[in-house]
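Reading the structure
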Amino acid sequence: MNTIQHWIDGTAVSGTDTAAVFDPATGQEQARVALGGPDVVDAAVSAAERAFESWSESSLTQRTQVMFAFRQLLVDHEEELGRIISAEHGKTVADARGEITRGREVVEFACGLGDVLKGSFSDQVSRGIDVHNFRQPIGVVAGITPFNFPAMVPLWMHPIAIATGNTFILKPSERDPSAANFVAELYRRAGLPDGVFNVVHGGKDAVDAILAHPGIAAVSFVGSTPIAKYVHERATSHGKRVQALGGAKNHAVVLPDADLEFAANHITAGAYGSAGERCMAVSVAVAVGDAADGLVEVLSRKAREVKVGPGHDADVEMGPLITKVAQERVENAVATAAEQGATVVVDGRGLKIEGHEDGFFTGPSLLDHVTTEMDAYRDELFGPVLAIVRVDTLDDAIAVINANPYGNGTALFTASGEAARRFQRNVKVGMIGVNVPVPVPMSYYSFGGWKDSLIGDSPIHGPEGIRFYTRPKVVTTRWPQPAQQVTAGFNFPTSS
């Protein structure tokens, strides 16, 4: 059986301990992945530190040339990488290609860093004195990334880190690790020097070693809120910069003036795409006033029409969940919702796919009359379950969203510009869509929520990514003429 190894200093490195990697569509073990701990992390840090000495001094032209080449390789191998992701995650190949495209946008942003990294210059701030500033890389940095986007989320981190002159250690999810190694090979082919990009596989031992290692200057993390809090606390206690993005409970509000077919189409895709295993998935539809009955009717029809099956089938729209545990958790959540008084309009439990009876499949579920006290509303289910919460007014909908501990993404479906403006100004959420169900920003904006969806204050990619992976220097300069007499004062200096 194939063993997926670490990638350190440009070569594959084996490990003594391994874990199973499953095919979610069949439920069968398809590979083993090496599990690293402190010794493997230390080897990766040593390689990255050696590489940093020369890479941090490389020209901006050299770094952008690597990024241009890497970007083209992502285009050329999109189908192959998409199938690798689908085989281990379960999402459809088309969905996997979509995440590669969104990750590639960050590489394209990194290709243009020559403009973004320009400093500023102030002439004659005082008599004969000028001031300028510039930014420099911070050293060895690490990314700890989730299973649900094995290509995209790491691509939100390492292109910016590497293009700004840092070296990078990626700790991907051990559930779908092969994409990380494939990307490492693409970087090698793009001309990236050995040691600049490294991959360490593993679980908690590897994470804890990264958080504590004195050679790592910064850590980027995406995952659940409890782990984001743990990562932030542990890493900052060891003096590191931290990006820690947590969980979500994303609401889509539908007003009575909305086109219900349009809204339901997009909410269905946002709720059940990738089997709901997205931090930006629509998990709650807030039906306002007279929109409720009609919206539920259309949503129920569309949920039943979703084509579920193995991700490699071209006509499939939704694949299996990542593990058996995830499947059981989601189906138990539907049962609990019914016990707590929700109406199960569409029940996806017990779904069996012919030829894949042992796969981790569950169908789309639609729950109506959900209240904010129910577990189906309170918990991040991370599965294909859409809850309908009914309210009377837009202000009630905004109050529901603002009372939720998460503040990642939200959407409003309406034909009213006034309502949209009021909504976007008043909701306490970091990313907002107006008639857009999954408002993931473009790469030149930053991605990050509010409240328990972002621990700390550092979003990911875009301008915030540049600031995170670099630090500024400000230089004050005087070049006196040889005969010029400049008096040195003992008082604090001021301009004149």
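Since we're looking at a predicted model, the values are computed, not measured. Per chain, residues are indexed from 1 in the order of the written sequence. Local features in this predicted model are restricted to residues of pLDDT 70 or higher, and side-chain atom pairs are both shown and tallied only at a pLDDT of 80 or more, whereas totals for entire chains, interfaces and linings draw on every residue. Note that the side-chain values use all heavy atoms of the structure and ignore hydrogens as well as water.

Topic: helix 11 (residues 260–272)
Between its first and last C-alpha, helix 11 extends 18 Å over 13 residues, near the 18 Å set by a 1.5 Å rise per residue. By the burial criterion, the buried members of helix 11 are A263, A264, I267, T268, G270, A271 and Y272. Two residues qualify as a contact provided that any one of their heavy atoms is within 4.5 Å of a heavy atom in the partner residue. Put simply, DSSP H or I for four residues or longer makes a helix, DSSP E for two residues or longer makes a strand, and each gets a number counted from the N terminus. On its buried face, helix 11 is in contact with strand 13 (250–254), strand 14 (282–288), helix 12 (291–305), strand 16 (365–368), strand 17 (385–391) and strand 19 (409–413). Downstream of helix 11 by one or two residues, S274 has phi in the positive range, about 55°. A helix is expected to reach a length of 1.5 Å times the quantity of its residues less one. Between buried and exposed lies partly exposed: a residue is buried under 20% and exposed over 50% of the maximum accessible area for its type, with that area taken using a 1.4 Å probe on protein chains only.

With respect to the packing of aromatic side chains
Any two rings among Phe, Tyr and Trp, with Trp reduced to its six-membered ring, count as a pair given centres within 6.5 Å; such a pair is stacked if its planes are under 30 degrees apart, edge-to-face if over 60, and tilted if neither. All chains considered together, the criterion is met by nine aromatic pairs. Their ring planes at 80° and their centres at 5.9 Å tell us that F147 and F382 sit as a pair that is edge-to-face. Taken together, the positions of F147 in the loop between strand 8 (140–144) and helix 6 (152–155) and F382 in the loop between helix 14 (375–378) and strand 17 put the pair 235 residues apart, joining distant regions of the chain. Looking at F147, the relative accessible area reads 12%, which means it is buried. Judged by relative accessible area, which is 18%, F382 ranks as buried. Centre to centre, the rings of F468 and Y469 are 5.0 Å apart; their planes meet at 80°, and the pair counts as edge-to-face. Since its relative accessible area comes to 1%, Y469 is described here as buried. Ring pairs connect the aromatic residues F70, F168, Y187 and F197, which therefore count as one cluster.

Some thoughts on the nonpolar core
Side-chain atoms within 4.5 Å are what join buried Ala, Val, Leu, Ile, Met, Phe, Trp, Tyr and Cys residues into a set we call a nonpolar core. Among the nonpolar cores identified, the biggest contains 67 residues, and V253 and L386 are the most heavily contacted of them. By residue number, the principal contributor to this core is helix 12, which donates seven residues. Excluding its chain neighbours within four sequence positions, the residues that come into contact with L386 are I267, A271, Y272, V282, S283, V284, A285, L299, S365, L366 and L367. One finds L113, A151, C279 and F468 within the second-largest nonpolar core, a separate group that totals 58 residues.

Some points on the environment of T164
Turning to its location among the elements, T164 is positioned in the loop between helix 7 (158–163) and strand 9 (167–171). Of the residues examined, T164 reaches a relative accessible area of 3% and is grouped as buried. It is 9.5 Å that separates the C-alpha atoms of T164 and T64, two residues lying 100 residues apart in sequence. Contact partners of T164, with chain neighbours within four places excluded, come to R63, L113, L117, P137, I466, Y469 and T470. A polar atom in the side chain of T164 sits 3.0 Å from the backbone oxygen of A161. For this analysis, a polar contact is any N or O atom pair within 3.5 Å, provided that within protein one partner can donate a hydrogen and the other can accept it, and provided that sequence-adjacent residues contribute only side-chain to side-chain pairs.

Quick word on empty space enclosed by the protein
Buried and open spaces are told apart on a 1 Å grid over the protein atoms alone, a cavity being a set of points where a 1.4 Å probe fits but cannot get out and a pocket being an open set with protein on both sides within 12 Å along at least five of seven lines. Residues with an atom within 4 Å of a point are the lining residues. Grid points are joined across faces, edges and corners, and a volume is the space filled by probe spheres set on the points. The tally for this structure, following the rule as stated, stands at four cavities of 30 Å³ or more. In this structure, the largest cavity occupies an estimated 120 Å³ of space. Lining the largest cavity are 16 residues, and of these G276, S283, E380, L381 and F382 sit closest to its centre. Within the residue set of the lining of the largest cavity, elements represented by two or more residues are strand 14 and strand 17. Across the lining of the largest cavity, the residue classes break down as nine nonpolar, four polar and three charged. Space inside the second largest cavity adds up to approximately 70 Å³. Lining the second largest cavity we find W7, G10, A184, Y187, R188, L192, P193, D194, G195 and F197. For the lining of the second largest cavity, the element with the highest residue contribution is helix 8 (residues 178–190), accounting for three residues. Each residue receives one of three labels: charged for Asp, Glu, Lys and Arg, nonpolar for Ala, Val, Leu, Ile, Met, Phe, Trp, Tyr, Cys and Pro, and polar for the others, Gly being one of them. Counted by class, the lining of the second largest cavity contains six nonpolar, two polar and two charged residues.

These results come straight from atomic positions and should not be treated as a statement about function.
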